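Read off the chains here:
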Amino acid sequence: MTTYISYDDAVTQICNMLIEVSPDYDTPRMRLSVQSFVKKVLDYCHRDDFPDTLLYTALDFVMKNIEREVIAKDAPVKAIQEKDNRIEFAVNSTPIYGLTEDEEFKLLRPTLNLYRRLAR
């Protein structure tokens, strides 16, 4: 049976799970990513409480975003110019790793629909 937890409890539990996976995840940026995900779920589902069955879904979502950011930081160099000191990286609008965050969230909608309420 699904139980529901408060926003603060959801953020705390997801952050603790991430830190258990790797202490390197204990950053303000990670916490902001977790808060953003939980808020998106609550807004999409029209809820004030977070389904505890989505904790592992949140963990997976945030870990993918962190990995995507790490890979994007190491983008290959496309061009270097000496005069004017121009360095251009080989980055375009397509993400280097997987889908963008919004596309990834859209894939979660069928799962989130199980917990969705009618708009208030």
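Up top is the structure.
Residues numbered from 1 in each chain as written. Predicted model: local features only at pLDDT ≥ 70, side-chain atom pairs only at ≥ 80, totals over all residues. Heavy atoms only, no water.

Caption draft 1: The arrangement of the environment of T3 in detail. Positionally, T3 belongs in the segment before β1 (4–5). Aside from chain neighbours lying at most four places away, what touches T3 is F50, P51 and D52. Polar contacts involving the side chain of T3 include one to the side chain of D52, which spans 2.5 Å. (Helix = DSSP H or I, 4+ residues; strand = E, 2+ residues; numbered from the N terminus. Contact = heavy atoms within 4.5 Å. Polar contact = N/O pair within 3.5 Å; in protein donor to acceptor, adjacent residues only side chain to side chain.)

Caption draft 2: Spotlight on the nonpolar core. By size, the foremost hydrophobic cluster in this structure holds 29 residues, and its most contacted members are L18, V34 and F50. Listing elements by their share of this core, those giving two or more residues are α1 (7–21), α2 (28–45), α3 (55–73) and α4 (101–112). If one sorts the elements of this core by residue count, α2 sits on top with eight residues. If we skip the residues at most four places from it in the chain, F50 touches T3, Y4, I5, A10, I14, F37, V38, V41, L42 and L55. (Core = buried A, V, L, I, M, F, W, Y, C linked by side-chain atoms within 4.5 Å. Buried < 20%, exposed > 50% of the residue type's maximum accessible area, 1.4 Å probe, protein only.)

Caption draft 3: The arrangement of the packing of aromatic side chains in detail. This structure, assessed with the given rule, holds four aromatic pairs. Ring geometry for Y44 against F105: centres 6.3 Å apart, planes inclined by 90°, an arrangement best described as edge-to-face. You can see Y44 sitting in helix α2 and its partner F105 sitting in helix α4, a full 61 residues away along the chain. If you follow K40 out to its NZ or CZ, it ends over the ring of F105, 5.7 Å from the centre. It is R116 that lies over the ring of Y44; its NZ or CZ is 4.1 Å from the centre. (Phe/Tyr/Trp six-rings, centres within 6.5 Å; stacked < 30°, edge-to-face > 60°. Lys NZ or Arg CZ within 6 Å of the ring centre and 35° of its normal.)

Caption draft 4: The arrangement of the side chain of S33 in detail. Within the fold, S33 resides in helix α2. The buried category is assigned to S33, whose relative accessible area is 15%. Apart from residues lying up to four places away in sequence, S33 is in contact with V62 and N65.

Caption draft 5: Region of interest: the pattern of salt bridges. Under the definition given, this model contains four salt bridges. Of the charged contacts, one joins D102 and K40 as a salt bridge, the two residues approaching to 3.5 Å between their closest N and O atoms. Taken together, the residues D102 in helix α4 and K40 in helix α2 connect sequence positions 62 residues apart. Salt-bridge contacts for E104 lead to K64; the nearest nitrogen and oxygen are separated by 3.1 Å. Residue E104 is located in helix α4, and its partner K64 is located in helix α3; the two are separated by 40 residues in the primary sequence. Given a relative accessible area of 26%, K64 falls into the partly exposed group. A single salt-bridge network, built from bridges that share partners, covers D60, K64 and E104. (Salt bridge = Lys/Arg side-chain N within 4 Å of Asp/Glu carboxyl O.)

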